[in-house]
Amino acid sequence: MGVINVTDRDGVRHELEALEGWRVMEIIRDWGLPMEGICGGAAECGTCHVLVAPEWLDKLYPPREEEELQLDQLPVVEPNSRLSCQILWTEALDGLEVTLAPLA
Ligand code: FES
């Protein structure tokens, strides 16, 4: 058990309890923040786009090809863009900081 810190699109920071093995997209959505996750985590919709705080980027597994391809479809992508459905939360990510990407 641990937490992730999520800044929403109004700039409000939320500390959310996280569970091992859950996708970050699921954690954010299940706590009621505006996270669509339309494709259910298949890296096919891009609606789970988040910006990862720079200090956390190296602690994540690098994106797989499916994630890279989907990120390429988004209108605006930053160097710290990730699909939160592709980030499985583990205790090594306790305190992870992400920001919900602006809606296109
Ligand atoms: Fe669809 Fe992440 S939930 S790409």
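Residues numbered from 1 in each chain as written. Predicted model: local features only at pLDDT ≥ 70, side-chain atom pairs only at ≥ 80, totals over all residues. Heavy atoms only, no water.

**Quick look at the pattern of salt bridges**
Cut-off, in case you're wondering: By definition, a salt bridge exists where a carboxyl oxygen of Asp or Glu is found within 4 Å of a side-chain nitrogen of Lys or Arg. Secondary structure elements are defined from DSSP: runs of H or I of at least 4 residues count as helices, runs of E of at least 2 residues count as strands, and each element is numbered from the N terminus.
Scanning the model with the defined rule gives four salt bridges in all. The residue Glu97 makes a salt bridge to Arg13 at a minimum N-O spacing of 2.5 Å. Taken together, the positions of Glu97 in strand 5 (residues 96-100) and Arg13 in strand 2 (residues 13-18) put the pair 84 residues apart, joining distant regions of the chain.

**Things to note about the side chain of Gln86**
For clarity, the cut-off: Identification of polar contacts relies on pairs of N or O atoms within 3.5 Å, with a donor-acceptor requirement for protein atoms, meaning one able to donate a hydrogen and the other able to accept it, and with residues adjacent in sequence counted only if both atoms are side-chain atoms. The contact criterion used throughout is that any non-hydrogen atoms of two residues lie within 4.5 Å.
As for its placement among the helices and strands, Gln86 is situated in the loop between strand 4 (81-83) and strand 5. Here the side chain of Gln86 touches Gly41 through a polar contact of 3.2 Å, landing on its backbone oxygen. Excluding residues that lie within four positions of it along the chain, Gln86 makes contacts with Arg23, Gly41, Ala42, Ala43, Arg64 and Glu67.

**Let's talk about the packing of aromatic side chains**
The cut-off we apply is this: Only Phe, Tyr and Trp rings take part, Trp by its six-membered ring, and two of them pair if their centres are within 6.5 Å. Stacked means planes under 30 degrees apart, edge-to-face means over 60, and tilted covers everything else. Only when the NZ of Lys or the CZ of Arg is both within 6 Å of the ring centre and within 35 degrees of the ring normal is a charge said to sit over the ring.
Taken as a whole, this structure holds zero aromatic pairs when the rule is applied. Above the face of the Trp56 ring, Lys59 is positioned so that its terminal group lies 5.0 Å from the ring centre.

**Quick notes on the sheet that holds strand 5**
Where we set the bar: A pair of strands is treated as paired once DSSP finds two or more bridges between them. Axis definition: a line fit to C-alpha positions, over the contact stretch in the case of helices; interaxial angles, taken between N-to-C directions, run 0 to 180 degrees.
Here five strands make up an open sheet; going across it, the order is 2-1-5-3-4 and the pairing mixed. Only two strands of the sheet have a single partner each, and these edge strands are strand 2 and strand 4. The average angle at which neighbouring strand axes cross in this sheet is 40°, direction not considered. Summarising the sheet, strand 1 (residues 2-7) and strand 2 pair through six bridges and their orientation is antiparallel. Across the sheet, the residue bridging to Gly2 is Ala18, located in strand 2. Most of the contacts of helix 3 (residues 65-73) go to strand 4, to which it runs at about 120°, and overall it touches strand 3 (49-52) and strand 4.

**A short note on a nonpolar patch on the surface**
So the rule is basically this: Candidates for patches are residues over 30% relative accessible area with no salt bridge; among them, like charges are joined within 9 Å and nonpolar side chains (Val, Leu, Ile, Met, Phe, Trp, Tyr) within 5 Å. Per-residue and other accessible areas were derived by the Shrake-Rupley procedure at a 1.4 Å probe size, with only the shown protein chains allowed to occlude residues. Only protein chains enter the accessibility calculation, which uses a 1.4 Å probe; a residue whose area is less than 20% of its type maximum is buried, one above 50% is exposed, and one in between is partly exposed.
Together, Met1, Leu19 and Trp22 give the surface a local cluster of nonpolar side chains, amounting to about 310 Å² of exposed area. Here Leu19 is to be found in the loop between strand 2 and helix 1 (24-30). You can call Leu19 partly exposed: its relative accessible area is 40%.

In short, geometric facts, not functional conclusions.
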